[in-house]
Amino acid sequence: MNEIILQSLGAAQTVTGSKHLLKTPELTILVDCGLFQGVKSLREQNWTALGIEAWEIDLIILTHAHLDHCGYIPLLVRQGFKGEIYMTAPTSELTQLILLDSAKIQQEDAENANKHHYTKHHPAKPLYTVEDAKASFRFFTVRDPNIFVRLSDHIHFQFKTCGHILGACSVELNCFGKKIIFSGDIGRPQSAILNPPDYFTEADYIVMESTYGDRLHGTNDPCQELAAIINDTIARKGNVLIPSFAVGRAQELIYLLNSLKKQGKIPLNLPIIMDSPMAAAATGISLTYAEDYMKIGRAEFQQMNNHITINQDYSNTVGFIKDKSSKIVIAASGMLTGGRVLQYLEHYLEDNRNTILIIGFQAEGTRGRALLNHTHEVKIHGKYYPVKARVQELEGLSAHADQSELMAWIRKFKKAPAQIMLVHGEPCAQEALRVKIQTELSIPVKVMTPNEDVLLFSCDHFVVTAAHDSKN
Ligand SMILES: [Zn+2]
């Protein structure tokens with residue numbers, strides 16, 4: 001069994017559930033351990049067996065703190081995983097925040113479903129609890145980017161920052177003499193607050209995201225568009241509701257809104273409410289790591305937060321909703337799958353003066369995707385609401401590289417890799433990117449399919465050390 005095999009247990013022909021297993025003679029490594037999100041058929045996969053026993057996985061390398069990359073960790077630990085989970089320091093803090101929130105939402109959803117009887121499961125149960133989430137934290141092992149970490153005799157890796165969100169990294173894994181790059185989620189070169197992604201110049205194999213493999217974000221200045229949408233809505237005496245990932249997008253958005261106020265492009269006295277305890281906490285974590293991980297320093301980051309109302313207390317949410325004056329509300333979740341944003345949506349959706357502004361990727365089956373697809377009604381907490389508010393999309397604020405930026409990322413490699421494996425994309429996006437890479441760069445591309453074993457290479461000429469001996 002001297003083979004190196006890649007198997008995607010999630011984020012194969014879809015954008016959520018990232019779990020990429022690298023089976024080697026020395027170690028079995030899981031890169032990311034995310035939850036499936038979106039349509040029911042995907043979410044149900046969180047409940048099915050992984051296809052590998054948790055204890056068979058020696059360690060996890062986590063690229064970043066988004067739920068679709070880290071959200072399965074508590075479950076894996078409950079199932080018997082006992083290895084180290086490597087991540088950067090900001091990723092560790094953000095992941096703890098996100099997992100506790102995820103567990104809390106699942107527990108509340110299960111309780112509500114049981115109370116109001118909108119469940120087919122009797123009783124409805126959470127995927128994991130707050131206690132499960134906390135129990136997984138002791139396996140978190142923090143490592144800085146740009147420093148190699150030895151995992152076994154023939155395997156070591158380093159993190160390289162990749163923009164996207166605070167602490168997010170690609171993974172460069174040296175494995176039996178070959179270099180395998182896991183791209184993670186590739187950020188934008190021109191983010192307002194994060195440094196551009198680190199580029200690589202050498203690889204034998206690349207496991208690469210393809211979220212926007214078929215789309216360009218456009219050349220319009222997103223700040224100008226954002227200002228126009230806000231001013232339009234205010235002129236109608238409406239509110240702007242921006243569903244946003246609490247981590248990453250929210251902080252960038254605050255920075256941009258603040259800049260627009262400073263430049264006089266939106267009214268200085270326009271209230272901006274970030275109604276998300278998690279976004280508030282994520283902003284605090286961003287402040288801690290601003291100097292090491294962000295383009296803007298701590299002082300500037302601190303200053304921009306002075307111009308918004310950060311709300312943690314749910315009792316205030318009702319007050320914000322009742323207050324009829326125009327305002328901007330930023331609330332999670334970013335794809336309208338849950339969270340406090342739904343309370344606003346219930347009240348804002350039926351009023352044609354309001355704008356629902358979509359700024360991030362919306363997975364198939366989410367309320368966000370339905371709104372972008374011009375649905376005439378949205379179901380929230382078991383009730384239908386007609387869509388009368390304007391729904392607008394601002395792609396320029398995306399945290400994911402578009403097709404041209406993904407191609408630019410690959411073009412940095414001096415020598416063509418043996419193969420690129422595409423993950424983390426929906427089939428149309430993956431097919432477009434596959435054809436583009438093969439045609440323009442003549443690199444073989446494989447679109448990973450769920451649970452398929454893909455042989456990368458053999459390492460017959462190495463003296464393999466038994467996995468568990470090499471770790472000690
Ligand atoms: Zn992400």
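Whatever comes next refers back to the structure up there.
Residues numbered from 1 in each chain as written. Predicted model: local features only at pLDDT ≥ 70, side-chain atom pairs only at ≥ 80, totals over all residues. Heavy atoms only, no water.

With respect to the helices and strands, E172 occurs in strand β9 (residues 169–175). Relative accessible area serves as the criterion here: at 6%, E172 is assigned to the buried category. A polar contact is formed between the side chain of E172 and the side chain of K179, at a distance of 3.1 Å. Residues in contact with E172, not counting those within four places in the same chain, are F148, H156, F157, Q158, K160, K179, I180, I181 and F200. (Helix = DSSP H or I, 4+ residues; strand = E, 2+ residues; numbered from the N terminus. Buried < 20%, exposed > 50% of the residue type's maximum accessible area, 1.4 Å probe, protein only. Polar contact = N/O pair within 3.5 Å; in protein donor to acceptor, adjacent residues only side chain to side chain. Contact = heavy atoms within 4.5 Å.)

By secondary structure assignment, the location of V378 is in strand β17 (residues 377–380). Residues V378 and L349, spaced 29 residues apart in sequence, show a C-alpha to C-alpha distance of 8.7 Å. Setting aside residues up to four positions removed in sequence, V378 forms contacts with L349, R367, L371, K383, Y384, Y385 and V387.

What follows is about the side chain of T283. Inspection of the secondary structure puts T283 in helix α8 (residues 277–293). Relative accessible area serves as the criterion here: at 5%, T283 is assigned to the buried category. If near-sequence neighbours (up to four positions away) are discounted, T283 is found in contact with Q251, M274, F301 and N305.

As paired elements, β17 and strand β18 (residues 383–386) share four bridges and run antiparallel to each other. Bridge assignment links V378 to a residue of β18, and that residue is Y385. (Pairing = 2+ DSSP bridges.)

What follows is about unusual backbone geometry. Of note, the amide linkage connecting A332 to S333 takes the cis form, showing an omega dihedral of 10°. Structurally, S333 can be placed in the loop between β15 (328–331) and α11 (341–348). Here K237, not a glycine, exhibits a phi torsion of approximately 65°, which is positive. In this fold, K237 is placed in the loop between α6 (222–235) and β12 (240–243). Taking relative accessible area as the criterion, K237 reaches 59% and is therefore assigned exposed. Although it is not a glycine, H381 sits at a positive phi angle of roughly 50°. With respect to the secondary-structure elements, H381 resides in the loop between β17 and β18.

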